[in-house]
Amino acid sequence: MIKRNTGFSNLTAGYLFPEVARRRREYAASHPEAKIISLGIGNTTEPLSKYIADAMAEYAKNLATPEGYSGYGDEQGNSALRARIAEVFYKGMAEPSEIFISDGAKCDIARIQTLFGSKVKVAVQDPAYPVYVDGSVVTGAAGKNNGKGYKGITYLPCTPENDFFPDLSKIKKNTLIYFCSPNNPTGAAATKEQLKTLVDFANKKGCIIIYDAAYFAFIRDPSLPKTIFEIPGAKTCAIEVNSFSKPAGFTGVRLGWSVVPNELKFADGSSVNRDWNRVMTTLFNGASNIVQAGGIACLDEHGLKDMTEQVDYYLENGRLISSVLKGENFKKAGVEVYFTGNGPYVWAKFPGKKSWEVFDLILDRCHVVTTPGSGFGPAGESFIRFSSFGHRADIEEACSRLSKLDL
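Source: prediction; values computed, not measured.

### Quick word on the side chain of Asn10
Part 1 of the reasoning: With respect to the helices, strands and loops of the structure, Asn10 is situated in helix H1 (residues 6-10).
Part 2 of the reasoning: The exposure class assigned to Asn10 is buried, which follows from its relative accessible area of 16%.
Part 3 of the reasoning: Filtering out sequence-adjacent residues up to four positions away, Asn10 remains in contact with Val137, Ala142, Gly143, Lys144, Asn145 and Tyr150.

### Thoughts on the sheet that holds strand E5 (residues 175-180)
Part 1 of the reasoning: The strand order across the open sheet formed by seven strands is E2-E8-E7-E6-E5-E3-E4, and the pairing between neighbours is mixed. Lying at the two open borders of the sheet, with one neighbouring strand each, are strand E2 (99-102) and strand E4 (153-157). Within the sheet, the average angular offset between the axes of one strand and its neighbour, ignoring direction, is 20°.
Part 2 of the reasoning: In this sheet, strand E8 (residues 256-259) lies alongside strand E7 (residues 238-243) in antiparallel orientation, the contact comprising four bridges. Residue pairing across strands places Glu240 opposite Val259, the latter belonging to E8.
Part 3 of the reasoning: Contacting E2, E7 and E8, helix H4 (residues 79-90) runs over the sheet at an angle of about 115° to E2.
Part 4 of the reasoning: Packing of helix H5 (residues 105-112) onto the sheet brings it into contact with E2, E5, strand E6 (208-212), E7 and E8, and relative to E7 it is tilted by some 150°.

### Here we look at the packing of aromatic side chains
Part 1 of the reasoning: Taken as a whole and judged by the stated rule, the model has 23 aromatic pairs.
Part 2 of the reasoning: For the ring pair Phe244 and Phe250, a centre distance of 6.0 Å and an interplane angle of 40° mean the geometry is tilted. Both residues of the pair, Phe244 and Phe250, count as buried.
Part 3 of the reasoning: Measuring from centroid to centroid gives 5.8 Å for Tyr313 and Tyr314, while their planes differ by 85°, and the two rings are edge-to-face.
Part 4 of the reasoning: The rings of Tyr215, Phe218, Tyr313, Tyr314, Tyr345 and Phe389 are connected pair by pair, giving a single aromatic cluster.
Part 5 of the reasoning: Here the guanidinium or amino end of Arg23 rests over the ring plane of Trp356, the centre of that ring lying 3.8 Å away.
Part 6 of the reasoning: Positioned over the ring face of Tyr345 is Arg385, at 4.0 Å from the centre of the ring.

### Thoughts on the packing of H5 against helix H9 (residues 272-282)
Part 1 of the reasoning: The geometry of H5 relative to H9 is characterised by a closest axis approach of 11 Å and an angle of 115° between their N-to-C directions. As summarised for this structure, H5 and H9 are arranged roughly perpendicular, according to the angle between their axes. Two packed elements cross with a definite hand, and for H5 against H9 that hand is right-handed. Each of Asp108, Arg111 and Ile112 in H5 lies in contact with H9, whose residues at this interface are Trp276, Val279 and Met280.
Part 2 of the reasoning: Grouping the constituent residues of the contact of H5 with H9 by class yields four nonpolar, no polar and two charged.

### Description of the packing of helix H3 (residues 50-62) against helix H10 (residues 289-298)
Part 1 of the reasoning: It is at 8 Å that the axes of H3 and H10 come closest, and there the two elements cross at 145°. The chirality of how H3 crosses H10 is right-handed. Note on element contacts: H10 touches H3 through Asn289, Ile290, Val291, Ala293, Gly294, Ala297 and Cys298, opposite Tyr51, Ile52, Ala55, Met56, Tyr59 and Ala60.
Part 2 of the reasoning: For the contact of H3 with H10, the residue count by class is eleven nonpolar, two polar and no charged.

### Some points on the pattern of salt bridges
Part 1 of the reasoning: For the structure shown, the criterion picks out 18 salt bridges.
Part 2 of the reasoning: With a shortest N-O distance of 3.9 Å, Asp394 and Lys35 are connected by a salt bridge. Of this pair, Asp394 sits in helix H14 (residues 392-403) while Lys35 is found in the loop between helix H2 (16-30) and strand E1 (37-38), placing the two residues 359 residues apart along the sequence.
Part 3 of the reasoning: Classification of Asp394 as partly exposed rests on a relative accessible area of 24%.
Part 4 of the reasoning: Taking the shortest distance from any N to any O, the salt bridge between Lys196 and Asp200 comes out at 2.7 Å. Of the two residues, Lys196 and Asp200 are both situated in helix H7 (residues 192-205); the distance of four residues between them amounts to about one turn of the helix.
Part 5 of the reasoning: A relative accessible area of 36% means that Asp200 is categorised as partly exposed.

### Side note on the sheet that holds strand E9 (residues 336-338)
Part 1 of the reasoning: Spatially, E9-E10-E13-E12 is the arrangement adopted by the four strands of the open sheet, whose pairing is antiparallel. Looking at the sheet topology across the chains shown, the edges are occupied by E9 and strand E12 (371-372).
Part 2 of the reasoning: Where helix H11 (residues 301-325) meets the sheet, its contacts fall on E9, strand E10 (345-349) and strand E13 (383-387), and the angle it forms with E10 comes to roughly 15°.
Part 3 of the reasoning: Relative to the sheet, helix H13 (residues 355-366) contacts E12 and E13, its axis offset from that of E13 by approximately 45°.

What counts and how
- Residues numbered from 1 in each chain as written.
- Predicted model: local features only at pLDDT ≥ 70, side-chain atom pairs only at ≥ 80, totals over all residues.
- Heavy atoms only, no water.
- Helix = DSSP H or I, 4+ residues; strand = E, 2+ residues; numbered from the N terminus.
- Buried < 20%, exposed > 50% of the residue type's maximum accessible area, 1.4 Å probe, protein only.
- Contact = heavy atoms within 4.5 Å.
- Pairing = 2+ DSSP bridges.
- Axes fitted to C-alpha atoms, helices over the stretch in contact; angles between N-to-C directions.
- Phe/Tyr/Trp six-rings, centres within 6.5 Å; stacked < 30°, edge-to-face > 60°.
- Lys NZ or Arg CZ within 6 Å of the ring centre and 35° of its normal.
- Parallel < 35°, antiparallel > 145°, perpendicular 65-115°, else oblique.
- Left-handed = near helix turned anticlockwise from the far one by under 90°.
- Nonpolar A, V, L, I, M, F, W, Y, C, P; charged D, E, K, R; others polar.
- Salt bridge = Lys/Arg side-chain N within 4 Å of Asp/Glu carboxyl O.

So this is what it looks like as structure tokens:
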């Protein structure tokens, strides 16, 4: 018989979000009277912009006509959409040939790991989005758990004590660095000075940064960079992945993109962009033509306005959650609350408590689902992530329940 990929046997636990969902189901089954509200998984909840949805509907309708039918598109993406992303989001910092359209940032992160093989060293922010670590384990770039994280992965603690920016001196030469800003789960957004430190380090040490900018649209502070390519030198050391999921509500629609600069090279001088083009044309067959029509609509004046309004809605939810977590009942328990107003997550520390312990406590007493910080990495222990994605009435009800929580 063919042997199993040992990467899967090296994974220590179930993927975080299915585990959260399992616990929710079990609690609901034993407490059928409870109205459970989720502040857990970062799934958008508000309807798509009618303008953007209409663009996709019209494209789909036209597929039923000889003139409007389309078959395979370019695997790299619709040329008009690639050009529009370059113009709107990068303003001369990236060329259309460097932009590749996909079915989402998470999928791109998984595919990107095929570029570097199983021998590459990996460094991740801690805490971090689980796919960076789990994907590295599956591909063989990280080994069996040693009790404090996976072998082969350098964990970079991002905590209140270091202003959520890691000590880069821990990273070895020629390492693949996963970096997310605004960060999931902490919500921290890196400054230009911090990113310059990261870019300069990567160029000096021969590292490549996988920069996850999926929450860029939530940045409201004009001094904060929305793309790593605002930093001089980034085009020789960074790949950026991004998505329409959060700004446009495309979590189920699925549309994202990556930026792989032409200047980015492997150690032997070969082009990373060329190999990524091979990955996208060999292991992927292009994003849906219908969805890409929606992406084009997102990027005209009407679509951009609609996306901004939707993001503002979620940011207000975040402010409401942050406010209640700063209430007297939480203060007395020593809870520390971190919310920047530049991301969709509220990050809260419950000193002396385990993350899953707090998760169960809030679920049991408030019937509110959260996400345990320990699921994002060792440095997330004692923290809880509260998501601002939700209907306003549900957010307000959850806040009312949380305000009465006796810790």
